[in-house]
Amino acid sequence: MSGYVLGTRARGEGHRLHVHESLGSTNTEALARFRDGEAGPLWVVARRQEAGRGRRGNSWLSEPGNLTASLLWPVDDVEPGQVPTLGFVAGLALVSALAAAGVTGCRLKWPNDVLASGAKLAGLLLEAESRPGGRRAVVMGFGVNVAATPQGLPYRATCLRQMRYDTRAEDLFVHLTDGIVDAARLWACGHGFARIRERWIADAAGIGAPVSVRLGDTSVQGIFETIDEAGRLVVRSEDGTRRTVTAGEVHLGTAATAA
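Reference entry: report on the structure contained in this document.

### As for the environment of Leu126
Phase 1 of the analysis: Here Leu126 is to be found in strand β8 (residues 119-130).
Phase 2 of the analysis: For the pair Leu126 and Val138, spaced 12 residues apart in the sequence, the C-alpha separation amounts to 6.8 Å.
Phase 3 of the analysis: With near-sequence residues (within four places) excluded, Leu126 lies in contact with Val83, Pro84, Leu86, Gly87, Val138, Val139 and Met140.

Structure below.
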């Protein structure tokens with residue numbers, strides 16, 4: 001027995017699961033499977049990840065006992081402009097899974113983190129790829145600090161054990177696989193993103209508070225007003241003007257004013 005199993009709804013939707021003792025990166029493995037002809041939906045899980053990565057080229061450290069999983073998801077029938085909104089589907093599914101596991105108070109940080117009491121609990125990474133012949137897929141990568149908190153990070157982080165929860169990675173994974181099914185049904189190939197957006201905003205961290213977004217050598221500062229219909233961050237400046245941000249390094253609250 002691997003210890004990792006799919007949830008009932010995930011199995012009913014035809015999801016499959018590959019579990020590895022160790023991988024360089026579950027996202028890399030899932031993408032390699034796609035290049036070899038795998039269509040998905042396929043979950044790839046590693047008990048230990050040696051070379052994980054996050055957004056913008058950052059590394060993602062995976063300690064033993066933490067959850068490292070990636071889902072290969074076909075997007076042949078999804079409009080290209082809607083594909084990036086799967087990141088919000090992934091975020092909602094993870095917060096839902098945490099709640100189902102009894103973990104309360106988690107918030108979503110735009111665009112790809114889950115926070116607990118302002119500290120990073122989990123990270124998400126969305127990667128897309130196309131194959132000759134028009135086949136397209138997205139890999140949704142999940143890294144959750146379950147048993148251990150990575151050290152030496154430039155930001156605050158935490159783990160479920162540190163928060164006094166005894167949830168195991170295997171238990172959280174079951175809830176996550178079913179949570180993805182539920183959120184994807186709501187998303188409906190992008191046609192239901194308005195409902196996803198509404199729920200994401202309800203679980204978001206920092207709305208109505210100061211935000212600073214670093215864009216290369218410059219930054220955008222103001223109030224985090226909302227996310228728009230395309231999932232972009234909307235920042236309102238002191239003079240009332242609004243600017244939308246597609247990607248960047250985000251600092252919230254007091255960290256925003258310091259930045």
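### Some words on unusual backbone geometry
Glycine aside, a negative phi is what most residues show, and trans is what most peptide bonds show.
Phase 1 of the analysis: Here the bond from Gly40 into Pro41 is cis, since omega is 5 degrees, no more than 30 degrees from zero.
Phase 2 of the analysis: Along the chain, Pro41 turns up in the loop between α2 (26-35) and β2 (42-49).
Phase 3 of the analysis: In the segment running from Trp110 into Pro111, the intervening peptide bond is cis, with an omega of -5 degrees.
Phase 4 of the analysis: Mapped onto the secondary structure, Pro111 falls in the loop between β6 (106-109) and β7 (113-116).
Phase 5 of the analysis: Located in the positive-phi region is Ser117, a residue other than glycine, with phi close to 55 degrees.

### Concerning the pattern of salt bridges
Pairing of side chains with opposite charge becomes possible as their charged atoms draw close.
Phase 1 of the analysis: Within the structure shown, the criterion is met by 15 salt bridges.
Phase 2 of the analysis: Between Arg48 and Glu50 there is a salt bridge whose closest N-O contact spans 3.1 Å.
Phase 3 of the analysis: A residue is classified by how much of its surface remains accessible, and Arg48, at 37% relative accessible area, is partly exposed.
Phase 4 of the analysis: Its salt-bridge partner being Glu225, residue Arg242 comes within 2.5 Å of it at the nearest N-O pair. Pair noted here: Arg242 is in strand β13 (residues 242-245) and Glu225 is in strand β11 (residues 218-227), with a separation of 17 residues, a long-range link.
Phase 5 of the analysis: Within the structure, one salt-bridge network assembled from shared partners comprises Glu21, Arg47, Arg168, Glu170 and Asp171.

### Focus on helix α5 (residues 193-202)
Phase 1 of the analysis: All of the buried residues in α5 are Phe193, Ile196, Arg197 and Trp200. Down the axis of α5, the sector holding all buried residues measures 100 degrees, keeping them to one side. Turned more than 90 degrees from where α5 packs its buried face, Ala194, Glu198, Arg199 and Ala202 sit exposed.
Phase 2 of the analysis: Lining the buried residues of α5 we find α3 (86-100), β6, α4 (169-187) and β11.

What counts as what
Residues numbered from 1 in each chain as written. Predicted model: local features only at pLDDT ≥ 70, side-chain atom pairs only at ≥ 80, totals over all residues. Heavy atoms only, no water. Helix = DSSP H or I, 4+ residues; strand = E, 2+ residues; numbered from the N terminus. Contact = heavy atoms within 4.5 Å. Salt bridge = Lys/Arg side-chain N within 4 Å of Asp/Glu carboxyl O. Buried < 20%, exposed > 50% of the residue type's maximum accessible area, 1.4 Å probe, protein only. Arc of directions from axis to C-beta.

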